[in-house]
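Read off the chains here:
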Amino acid sequence: MKILIKNGYLVDPKANRNGLYDIIIDEGKVWEIGNNLEVSGGDIIDASGKYVLPGFVDAHCHLRDPGFEYKEDIESGTRSAAAGGFTSIACMPNTNPPADNEAVIKYILNKAKHEGVINVFPIGAISKGLKGEELSEIGELKFAGAVAISDDGRPVKSASLMKKAMLYASMFDITVISHCEDLELADEGVMNEGYYSTVMGLKGIPAAAEEVMVSRELILSEYTGTPVHIAHVSTELSVELIRNAKKRGVNVTAETCPHYFSLTDEACDGFNTLAKVNPPLRTKKDAAAIIEGLRDGTIDIIATDHAPHHLDEKNVEFNIAANGIVGFETALPLAVTYLVKPGHLTMEQLVHKLCVNPSKILGLSKGSIEVGQAADITIIDVNEVNTVNVAKFKSKSKNSPYDGFKLTGAVYYTIVNGKVVVREKVLL
Ligand code: DOR
Ligand code: ZN
């Protein structure tokens, strides 16, 4: 059946469209984009007063499948992502077994094809077993369908191994994503080192633990002449280092996550394990620098780092609680509330961060609504205010520090390959 999206305000910078358009979808693809379009007997979606955007692309999430399906699996994870407006997501390899070989990559792709409701792009491990010792077979991962490699959750401790990863990855035209953390500097800290860690008597993780590794990756990228993508940037100096490297012509891209611009380490007060995440929530000054980095283009993308954990892994002492925040279903409202409404980002810039740049970095033909291409479209209301209710999350896990927050911005429709997955805010 044809779908006609009528009277929506289309923001699609890649296609140079910013205005009122109608869109016809047929056979899963975008058929026509124009004005006063009509179809006979199709599904008509009235998008007046709403923004029609390319489907969101998340370059960093954890689906926990295989191995930790009690936290999330491909079905629940993709449903949660669809509810959040995502039509394509790239999942990290810290599963059990880890995605360090063809079999696991194929398992994820196959399961996503049968049980997933959106497009899933697996990320392979940089090192075998995520142990940081020996490179995985990067060519094998690429040919199995991995779009990037990362040991996310852990850093690659050896600079020499990271150098080799960069060289192989560029040979196979696959993106290297670095989780920047010097484990010795982090020294088993559990939250940001600063006022709150002192008051709470908890061991702190200095900002330097991230920044030292960011510097290393920038130097290695410049040395090898190969690209690198820095995951979940959280500190002011990391932003400054990346800004300077970009000026020098280093082929670096960077991401941050909604929690780094919407929360600070104050959220850990009262030993709130829901705010425990790695890298840790930082200070007001860091959050302001993250926002400035997004505004001036130093930070290319917003990724969720959707990291589901069972509440039993959070309802424990702060020191032993799991790191992570579920992110799919709050990403858009957090971005609208903390970035768009205060005037830090325009809608067009937001589409760059959520659609265009993640697609480009991962080498996906997504991020735009173009005739002849798969119809991946998200329709949002940027003015609607809702109170976050984690009990209603589609994710199996509810580990979010945002329960009860009043946020602006709501996903009304998620359309994936021409199929309506979310209709009028209801996940089908
Ligand atoms: O908070 C985090 N959770 N940070 C990571 O790097 C990994 C992730 C996870 O897998 O739970
Ligand atoms: Zn990470």
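Presented here is a report on the structure given in the accompanying data block. (Residues numbered from 1 in each chain as written. Chains lettered and ligands numbered in written order. Predicted model: local features only at pLDDT ≥ 70, side-chain atom pairs only at ≥ 80, totals over all residues. Heavy atoms only, no water.)

Our focus in this paragraph is the site of ligand 1. Surveying the vicinity of ligand 1 reveals 14 residues, the closest of which are R64, N94, N278, H309 and N323. Between ligand 1 and N278, the relevant distance is 2.7 Å, taken from a nitrogen atom to a main-chain nitrogen or oxygen of the residue. At a separation of 3.1 Å, a nitrogen atom of ligand 1 approaches a polar backbone atom of N323. (Near = heavy atom within 4 Å. Polar contact = N/O pair within 3.5 Å; in protein donor to acceptor, adjacent residues only side chain to side chain.)

If you walk through the whole model with that rule in mind, you get two cavities of 30 Å³ or more. Looking at the largest cavity, its volume works out to about 50 Å³. As for the largest cavity, its lining consists of H179, C180, E181, I205, A209, E210, N278, P279, P280 and R282. Tallied by class, residues from the lining of the largest cavity come to five nonpolar, two polar and three charged. Volume-wise, the second largest cavity comes out at about 30 Å³. What lines the second largest cavity is simply P258, H259, T304, I325, V326, G327, T330, L334 and Y402. In terms of residue class, the lining of the second largest cavity is made up of five nonpolar, four polar and no charged. (1 Å grid on protein atoms, 1.4 Å probe; cavity = no way out; pocket = protein on both sides within 12 Å on 5 of 7 lines; lining within 4 Å. Points joined across faces, edges and corners; volume = space filled by probe spheres on them. Nonpolar A, V, L, I, M, F, W, Y, C, P; charged D, E, K, R; others polar.)

Further remarks concern the pairing of strand β5 (residues 51–54). As defined by bridge partners, strand β1 (residues 3–12) adjoins β5 across two bridges and the pair is classed as parallel. Bridge pairing in β5 links Y9 to Y51. As paired elements, β5 and strand β16 (residues 377–387) share four bridges and run antiparallel to each other. Of the residues in β16, the one forming a bridge with L53 is T378. (Pairing = 2+ DSSP bridges. Helix = DSSP H or I, 4+ residues; strand = E, 2+ residues; numbered from the N terminus.)

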